[in-house]
Amino acid sequence: QGAAIAISDGNYAYLGGMDDGLIILDVSNKSNITFKSSILPDPNYPEVPDLFSVPNVRGLALYGTDTLMVAYDAGGLRMLDVSNKSAPIEIGKYADPDIENIAQSAYNNIAIKQHYAYIPVDMCGLLVVDIADSDMSTVAWFNPWDCDSTNWNGRPGHTNEVRINEDEDLLFVSGGDSELLIFDISNPATPTLKATYGVPFDSIVAWSLDVFGNQISLALVDNSFVGFPYYSDVGGIQLLQYEAIHTIDI
């Protein structure tokens, strides 16, 4: 299945190997990359997998120097101790109970500010989890599309990837058929939706995104052949420019 994501701290690379779990590589010598270890987070949480819900390591973010947070599609959020690169350990796992009661913990990506993790959860919007310790908990859930187990297909939105601009306290989320959502995270525990870009059901869908300076790149997916979980017949890259306008209460 290939790799979903790769991040690095300079000396080590962390590779999201989908249903093979996490792979750690020593990249300190760029001409001689070597395997250090791998770990498969518990695949039977929060529910035993079936044909259509196989846990896949999709998003990674370092929290401090020795803790790696894993966005585990169909498997919630995982906290790994990677202080020993040869023997990483799963030290915490979390799935929001309200989402789990109505849908599935398809955690696609992750970004961190202070001790808050921002996680896009398919048609269930954006979840904010306090990761101050291994006993994690939800502090906010932005659920604009009223997700449940029956409406995964054809929804006006489907969150997949997330980026933070620390300088402006802004959180950018790819929104599927809603394309782009921008949140103010000056109060990191309570994101506030400030702007959107795109019109639902316009046959244009943003799958991925990145942010550099005041520019946003959206990766558009053409899935007209398949037609679900949304229909899109436009592919390629779209480049946007934004201006952040802040108001001050007097």
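Considerations on the overall build of the protein chain
Counting secondary structure elements, the protein chain contains one helix and 19 strands. Relative to the compact-globule value of 18 Å for 250 residues, the protein chain shows a C-alpha radius of gyration of 18 Å, a close match. With the principal axes as the frame, the protein chain shows a C-alpha extent of 50 × 45 × 40 Å. Per-residue burial for the protein chain yields a buried fraction of 46% across its 250 residues. A separation of at least 24 residues holds for 45% of the contacts in the protein chain among residues at least 6 apart in sequence.

Quick word on the state of the cysteines
In the structure shown here, the tally under the stated rule is one disulfide. The disulfide partner of C124 is C147, and the S-S distance across this bridge is 2.2 Å. Negative torsions about the S-S bond denote left-handed disulfides, and the value of about 100° found for C124 with C147 makes this one right-handed. One end of the pair, C124, is in the loop between strand 10 (116-120) and strand 11 (126-130); the other, C147, is in the loop between strand 12 (137-142) and strand 13 (162-165), and 23 residues separate them in sequence. In this structure C124 comes out as buried when scored by relative accessible area, which is 1%.

Quick look at a nonpolar patch on the surface
A grouping of W152, F225, V226 and F228 is seen on the molecular surface, where their side chains present a nonpolar patch of about 480 Å² in accessible area. For V226, the location among the structural elements is in the loop between strand 18 (215-220) and strand 19 (236-241). On the basis of relative accessibility, which here comes to 48%, the residue V226 falls in the partly exposed class.

Description of the pattern of salt bridges
Once their charged atoms are close, side chains differing in charge can pair, the charge on each being opposite to the other. One pass over the full model with this rule turns up six salt bridges. Across the pair D42 and K93 runs a salt bridge whose closest N-O atoms are separated by 2.8 Å. Of the two residues, D42 is situated in the loop between strand 4 (34-39) and strand 5 (56-63) and K93 in strand 8 (residues 89-94); the sequence distance between them amounts to 51 residues. The exposure class of K93 is partly exposed, given its relative accessible area of 34%. Between D73 and R58 there is a salt bridge whose closest N-O contact spans 3.1 Å. Residue D73 is found in strand 6 (residues 67-73), and its partner R58 is found in strand 5; the two are separated by 15 residues along the sequence.

Points about the layout of surface pockets
Taken as a whole, the largest pocket holds about 610 Å³ of empty space. Looking at the largest pocket, it is lined by 23 residues, and the ones nearest its centre are F52, D73, Q104, D122 and W152. Class assignment of the residues belonging to the lining of the largest pocket gives a composition of twelve nonpolar, seven polar and four charged. Estimates place the volume of the second largest pocket at around 260 Å³. Lining the second largest pocket are 17 residues, and of these I5, N109, I110, V162 and R163 lie nearest its centre. Of all elements in the fold, only strand 5, strand 9 (111-113) and strand 13 reach the threshold of two or more residues within the lining of the second largest pocket. Element by element, the count of residues in the lining of the second largest pocket is highest for strand 5, at four residues.

Some points on the nonpolar core
Side chains of nonpolar character tend, in soluble globular proteins, to be buried together. Residues L77, I110, I119 and I131 are the most contacted members of the largest nonpolar core, which totals 22 residues. Listed by contribution, the elements that provide at least two residues to this core are strand 6, strand 7 (76-81), strand 10 and strand 11. Once residues within four sequence positions are removed from consideration, I119 is found in contact with L77, Y107, N109, I110, G125, L126, L127 and V129. Among the nonpolar cores identified, the runner-up in size contains 14 residues, and Y118, W145, V173 and A189 belong to it.

With respect to the environment of T196
One can find T196 in strand 16 (residues 192-197). Its relative accessible area of 52% is what places T196 among the exposed residues. Sequence separation between T196 and I182 is 14 residues, and the spatial gap between their C-alpha atoms is 6.1 Å. T196 has contacts with L180 and L181, leaving out every residue within four places of it along the chain.

Thoughts on the pairing of strand 6
The buried fraction of strand 6 amounts to seven of the seven residues, a majority that puts the element mostly inside the structure. With burial as the criterion, each face of strand 6 is covered, one bearing T67, M69, A71 and D73 and the other bearing L68, V70 and Y72. Across seven bridges, the pairing between strand 5 and strand 6 is antiparallel. When the sheet's bridge partners are listed, L62 is paired in strand 6 with L68. The pairing of strand 6 with strand 7 spans six bridges and is classified as antiparallel.

Rules of the game
Residues numbered from 1 in each chain as written. Predicted model: local features only at pLDDT ≥ 70, side-chain atom pairs only at ≥ 80, totals over all residues. Heavy atoms only, no water. Helix = DSSP H or I, 4+ residues; strand = E, 2+ residues; numbered from the N terminus. Rg over C-alpha atoms; globule rule 2.2 N^0.38 Å. Buried < 20%, exposed > 50% of the residue type's maximum accessible area, 1.4 Å probe, protein only. Contact = heavy atoms within 4.5 Å. Disulfide = S-S within 2.5 Å. Patch = residues over 30% accessible without salt bridge, like charges linked within 9 Å, V, L, I, M, F, W, Y side chains within 5 Å. Areas by Shrake-Rupley, 256 points an atom, 1.4 Å probe, with all protein chains shown as cover. Salt bridge = Lys/Arg side-chain N within 4 Å of Asp/Glu carboxyl O. 1 Å grid on protein atoms, 1.4 Å probe; cavity = no way out; pocket = protein on both sides within 12 Å on 5 of 7 lines; lining within 4 Å. Points joined across faces, edges and corners; volume = space filled by probe spheres on them. Nonpolar A, V, L, I, M, F, W, Y, C, P; charged D, E, K, R; others polar. Core = buried A, V, L, I, M, F, W, Y, C linked by side-chain atoms within 4.5 Å. Pairing = 2+ DSSP bridges.

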